[in-house]
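Examination of the molecular architecture
Below are the chains, spelled out letter by letter.
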Amino acid sequence: MKTTPFTDVHIALGAKMHEFAGYNMPIEYSGIIDEHLTVCNGVGVFDVSHMGEFWVKGPHALPFLQSITSNDVSALTIGKAQYTCFPNEEGGIVDDLLVYYYEPEKYLLVVNASNIEKDWNWCVSHNTVGAELENSSDNTGQLAVQGPKAKEVLQRLTSVDLSAIPYYSFVTGEFAGCKNVIISNTGYTGAGGFELYFYPEDGIKIWNAIFEAGQPEGIKPVGLGARDTLRLEMGFCLYGNDLSDTTSPIEAGLGWITKFVDGKEFTNRAELERQKKEGVTRKLCAFELLERGIPRHGYEIVDTEGNVIGEVTSGTMSPLMKKRIGMGYVKTEYAKIGTEFAIRIRNKDIKAQVVKPPFRK
């Protein structure tokens, strides 16, 4: 298995480790519920160094990104980030990702760990305009410091004014005595905070500095288990569960990152534009169970007469609200807020109701 700059630290701290996307990653330390609540109420640190990073450079960088992503990259100004996806030729999604406009003719793509090789091959094979591509995944470390107290902890370690970095914006500066650290006001928890990108050799120094600075706030390391429950409470999609090669961004409720602006001809634009205009036969919806049970990925969703109308893509017991929540694709007519259906759990149909995300307001 691959390691991150912090793998030995996780093991020394007694983390429960498991393979994820080819990496030896921490799933939990003190427990998923405790870690989840730490992020909601204080500050927690995630090792997300397994994520992929690609640089796109040169005079053809923007035309390339406009042709391969669904969102309008031309709308970005330097220092801004954008959520987007790579559509495929069949109407599905190769991956969802972030695009950072780093400097003139230079962008950073941050892709999912499980899709690094697939995404890299996709970018290389679709680079028909001569953009300069660099796979920097193995030369980039990343920590997500998340929670309502994250800003005050991190501010002790940098002269960069973190309050001056709006949501989905970033600054490159010195952090914990390390130069060229990207400090990004982004995250996958809905609890606020920042993501830091740095050279792997600076990782341990940055980790130690953060945990020393955060002692008064009760800072804790957080594993991938709580990362999943936190993102689900916010209704954020997870590739491999809620998004895939066979789910379109329109079906997934990502029409807002699918921009049909003049002059932007991207992969499968015509089909996605048709879907947005004519509608789709299924939609991703959020739901809460009205009875006891836990919805799990792959469980059938049925109507009141027991007919299968869809499938659960993500589900859990919400650590914060103590509600049984989930997301799944259903026939479009069942996706309206307030609609009741059932989740088939061990041959028993458990009542559920469609709600408006996020679950955690």
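Right above here is the structure, for reference.
Let me begin by describing the structure that accompanies this report. The model shown is predicted, which means the values in this text are computed figures rather than measured ones.

This paragraph deals with the overall build of the protein. Along its length, the protein carries 8 helices and 19 strands. Radius of gyration (C-alpha) of the protein: 21 Å, near the 21 Å computed for a compact globule of 361 residues. Reported as C-alpha extents along the three principal axes, the dimensions of the protein are approximately 65 × 50 × 40 Å. Looking at the 361 residues of the protein, the share that counts as buried comes to 57%. The long-range share in the protein, meaning contacts at least 24 apart out of those at least 6 apart in sequence, stands at 65%. Accessible area for the protein stands at about 15,400 Å²; split by element, carbon and sulfur atoms hold 50% of it.

For strand 16 (residues 308-317), a buried count of 7 out of 10 residues is recorded, marking the element as mostly surrounded by other parts of the structure. Pairing geometry for strand 15 (residues 300-302) and strand 16, over 3 bridges, is antiparallel. Counted as the bridge partner of Glu-300 is Glu-311 from strand 16. The turn joining strand 15 and strand 16, which pair antiparallel and follow one another in sequence, is formed by 5 residues; a positive phi near 90° is taken by Gly-306. Pairing of strand 16 with strand 17 (residues 324-331), which is carried by 7 bridges, proceeds in the antiparallel orientation. Among the inter-strand pairings, Glu-311 is bridged to a residue of strand 17, identified as Tyr-329.

This part takes up the sheet that holds strand 8 (residues 132-135). Backbone-to-backbone hydrogen bonds pair the strands of a sheet. The strands run either parallel or antiparallel. With antiparallel pairing, the 5 strands of this open sheet are ordered in space as 5-6-7-4-8. What marks the edges here is a single partner per strand, and that holds for strand 5 (81-87) and strand 8. Pairwise comparison of adjacent strand axes, ignoring direction, gives a mean angle of 30° for this sheet. In this structure, strand 4 (residues 52-57) lies alongside strand 8, joined through 4 bridges in antiparallel fashion. Paired with Lys-57 across the strands is Glu-132, a residue of strand 8. Helix-sheet contacts for helix 4 (residues 116-125) involve strand 4, strand 5, strand 6 (93-103), strand 7 (106-111) and strand 8, and the interaxial angle to strand 8 is about 170°.

Taken as a whole and assessed by the stated rule, the structure comprises 16 salt bridges. The partner of Glu-134 in a salt bridge is Lys-57, with the nearest N and O atoms 2.8 Å apart. Of this pair, Glu-134 sits in strand 8 while Lys-57 is found in strand 4, placing the two residues 77 residues apart along the sequence. For Lys-57, a relative accessible area of 23% translates into the label partly exposed. The salt bridge involving Lys-323 is made with Glu-288; its shortest N-O contact spans 3.8 Å. Residue Lys-323 is found in the loop between strand 16 and strand 17, and its partner Glu-288 is found in strand 14 (residues 282-289); the two are separated by 35 residues along the sequence. Given a relative accessible area of 37%, Lys-323 falls into the partly exposed group. When its relative accessible area of 17% is taken as the criterion, Glu-288 is described as buried.

Bringing the sheet that holds strand 16 into the picture now. The strand order around the closed barrel formed by 6 strands is 14-17-16-15-18-19, and the pairing between neighbours is antiparallel. In this sheet, adjacent strand axes meet at a mean angle of 45° when their direction is disregarded. With respect to the sheet, helix 7 (residues 224-233) is in contact with strand 16 and strand 17, its orientation differing from that of strand 16 by roughly 125°.

Within the sequence span of helix 2 (residues 32-41), burial applies to Glu-35, His-36, Thr-38, Val-39 and Cys-40. Looking at the packing, one finds that the buried side of helix 2 touches strand 2 (23-28), strand 3 (44-47), strand 9 (141-146), strand 13 (220-222) and helix 7.

Another point: the nonpolar core. Phe-46, Tyr-100, Val-110, Ile-182, Leu-243 and Phe-359 are the most contacted members of the largest nonpolar core, which totals 37 residues. Mapped by element, the contributors of at least two residues to this core are helix 2, strand 5, strand 6, strand 7, helix 7, strand 14 and strand 17. Examining the composition of this core, we find that 4 residues originate from one element, strand 6, more than from any other. Setting aside anything within four residues of it in sequence, one finds Phe-46 in contact with Val-39, Gln-142, Leu-143, Ala-144, Gln-146, Thr-189, Val-222, Gly-223, Arg-227 and Leu-230. By size, the runner-up hydrophobic cluster in this structure holds 29 residues, among which are Leu-157, Val-181, Ile-183 and Phe-211.

Looking now at the packing of helix 2 against helix 7. The geometry of helix 2 relative to helix 7 is characterised by a closest axis approach of 8 Å and an angle of 55° between their N-to-C directions. If you check the angle between helix 2 and helix 7, you find them oblique. Between helix 2 and helix 7 the crossing geometry is right-handed. Here Ile-32, Glu-35, His-36, Val-39 and Cys-40 of helix 2 lie close against helix 7, whose contacting residues are Gly-225, Ala-226, Thr-229, Leu-230 and Glu-233. Tallied by class, residues from the contact of helix 2 with helix 7 come to 5 nonpolar, 3 polar and 2 charged.

Definitions and limits used
- Residues numbered from 1 in each chain as written.
- Predicted model: local features only at pLDDT ≥ 70, side-chain atom pairs only at ≥ 80, totals over all residues.
- Heavy atoms only, no water.
- Helix = DSSP H or I, 4+ residues; strand = E, 2+ residues; numbered from the N terminus.
- Rg over C-alpha atoms; globule rule 2.2 N^0.38 Å.
- Buried < 20%, exposed > 50% of the residue type's maximum accessible area, 1.4 Å probe, protein only.
- Contact = heavy atoms within 4.5 Å.
- Areas by Shrake-Rupley, 256 points an atom, 1.4 Å probe, with all protein chains shown as cover.
- Pairing = 2+ DSSP bridges.
- Axes fitted to C-alpha atoms, helices over the stretch in contact; angles between N-to-C directions.
- Salt bridge = Lys/Arg side-chain N within 4 Å of Asp/Glu carboxyl O.
- Core = buried A, V, L, I, M, F, W, Y, C linked by side-chain atoms within 4.5 Å.
- Parallel < 35°, antiparallel > 145°, perpendicular 65-115°, else oblique.
- Left-handed = near helix turned anticlockwise from the far one by under 90°.
- Nonpolar A, V, L, I, M, F, W, Y, C, P; charged D, E, K, R; others polar.

Nothing here speaks to function; it is geometry throughout.
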